[in-house]
Amino acid sequence: MDTLFSLQDRVALVTGGSRGIGRMIAEGFLRQGARVYISARKAQACDEAARELSALGECHSLPADVSTVDAARELAARLAAREPRLGILVNNAGAAWGESFDTFPEQGWDKVVDLNMKAPFFLTQALHGMLKAAAAERPAKVINIASIDGLSVNPWETYSYAASKAGLVHLTRRMALRLAQDNIVMSGIAPGPFASEMNRQARDHADEVALRVPVRRIGQTEDMAGAAIFLASRAGDYVVGHTVVVDGGSMLGRG
């Protein structure tokens, strides 16, 4: 029981790991002993975040835009050149687009769905061999970062975002059944209000947003890191295909 939440000697990749929720998760993993690779589209920001996070443990930068299949495969190849196995994959990179129904563009659909729903599938596929290699010793883990907006309806016109996150929740269920055959445990997290570039309301108006959260605050690093550590560690080995809601009760309040 002493090592129930330990990630010692585990290798983890967190996409979108240079800021926001991805960085919170990367920080938590490092504090629990994992060797962490973070990926982000902007190379300079990714490199800088890795340097800062290295104060907590071994953290490396692998800049990449995983929104295309070729890019996902390239990232997998670059990681494979450095590590023989991958114990934990966090599919966190995401995008959003808000626009009225009458003018919502195709670009706003394709950009969001490609990154939020297609990328987790094809990056996991590209890393399947490395995950199976890690799973020979203990279950490997894949954690998809969805959103409460994929489980309940928000008041904003973010059509492709809501659809992609709902799709990711169900994709997590479907993929989990297949990956369990290889001793790879897939699960998900549906965050509520956390300060990030994607949730600028929570970032810039935390006090106002907190009034709509039953626990009267927005999410903090420890809240997100704790959920991810649980799923990534031995403690979460029996959570298969489910998406854990981490939102301070926000989704219940919407009802």
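Scope of this entry: the structure provided in the associated data block. Note that the coordinates shown come from a computational prediction; the quantities given were computed from them, not determined experimentally. Every chain is numbered independently, its residues counted from 1 as its sequence is written. Note on the predicted model: pLDDT of at least 70 is required for a residue's local features to be given, and 80 or more for side-chain atom pairs to be given and counted; whole-chain, interface and lining totals, by contrast, use all residues. To get the side-chain values, all heavy atoms of the structure are used, and hydrogens and water are removed first.

## Here we look at the overall build of the protein chain
Strands here are runs of E lasting at least two residues and helices are runs of H or I lasting at least four, both read from the DSSP assignment and numbered beginning at the N terminus. Scanning the protein chain from N- to C-terminus turns up 10 helices and seven strands. Whereas a compact globule of 255 residues would reach a radius of gyration of roughly 18 Å, the protein chain reaches 17 Å, a difference of no more than 12%. Along the three orthogonal principal directions, the C-alpha set of the protein chain runs to about 50 × 40 × 35 Å. Out of the 255 residues belonging to the protein chain, those deemed buried represent 51%. The contact definition used throughout considers only heavy atoms, calling two residues in contact when any of these lie within 4.5 Å. For the protein chain, the proportion of contacts with a sequence separation of at least 24, taken over those separated by at least 6, is 72%. With residues, only the protein chains shown are counted as cover, and all accessible areas are computed by Shrake-Rupley using a 1.4 Å probe. Counting only carbon and sulfur atoms, one obtains 52% of the accessible surface of the protein chain, whose full area is about 12100 Å². Here Asp and Glu are counted as negative and Lys and Arg as positive; His is not counted, and neither are the chain ends. The atom standing in for a charge is NZ when the residue is Lys, CZ when it is Arg, CG when it is Asp and CD when it is Glu. For the protein chain, the centre of its 28 positive side-chain charges and the centre of its 28 negative side-chain charges are spaced 4 Å apart. Here the globule rule reads 2.2 Å times residues to the power 0.38, and the radius of gyration is calculated from C-alpha atoms. Type-normalised accessible area, obtained with a 1.4 Å probe on protein chains alone, sets the label of each residue: buried when under 20%, exposed when over 50%, and partly exposed for intermediate values.

## A closer look at the sheet that holds strand S7 (residues 243-246)
The pairing criterion for strands is at least two bridges between them, as found by DSSP. What the seven strands build is an open sheet, ordered S3-S2-S1-S4-S5-S6-S7; its pairing is parallel. Looking at strand neighbours, the two that pair on one side only are strand S3 (59-61) and S7, the edges of this open sheet. Shown here is a sheet whose adjacent strand axes are inclined to one another by a mean of 20 degrees, direction ignored. Inspection of the sheet shows strand S1 (residues 11-15) paired to strand S2 (residues 35-39) by five bridges, in the parallel sense. When the bridges of S2 are listed, Leu13 appears paired with Tyr37. Inter-axis angles, ranging from 0 to 180 degrees, are taken between N-to-C directions of lines fitted to C-alpha atoms, where helices are fitted over the stretch in contact. Against the sheet, helix H6 (residues 159-179) makes contact with strand S5 (140-145), strand S6 (184-191) and S7, and its axis sits at roughly 165 degrees relative to S6, the strand it touches most.

## Quick word on the nonpolar core
For the purposes of this section, nonpolar cores are sets of buried Ala, Val, Leu, Ile, Met, Phe, Trp, Tyr and Cys residues that join through side-chain atoms within 4.5 Å. Counting residues in each nonpolar core, the largest one holds 37 residues, and the members touching the most others are Leu13, Val66, Leu79, Leu86, Leu89, Leu127 and Leu131. For this core, the secondary structure elements donating two or more residues are S1, helix H3 (69-80), helix H4 (106-126), helix H5 (128-135), S5, H6 and S6. If one sorts the elements of this core by residue count, H6 sits on top with seven residues. Formed by 33 residues, the second largest nonpolar core is a distinct cluster that contains Met24, Leu53, Ala227 and Ala232.

## Re the side chain of Asn116
Note on placement: Asn116 falls in helix H4. Since its relative accessible area comes to 1%, Asn116 is described here as buried. Any pair of nitrogen or oxygen atoms within 3.5 Å is treated as a polar contact; in protein, a donor-acceptor pairing is required on top of that, and neighbouring residues in sequence qualify only through side-chain atoms on both sides. Within the structure, Asn116 has its side chain in polar contact with the backbone nitrogen of Ala95 (distance 2.8 Å). Polar contacts involving the side chain of Asn116 include one to the side chain of Ser164, which spans 3.1 Å. Those residues in contact with Asn116 that sit more than four places away from it in its chain are Ala93, Gly94, Ala95, Tyr161, Ser164, Lys165 and Leu168.

In short, geometric facts, not functional conclusions.
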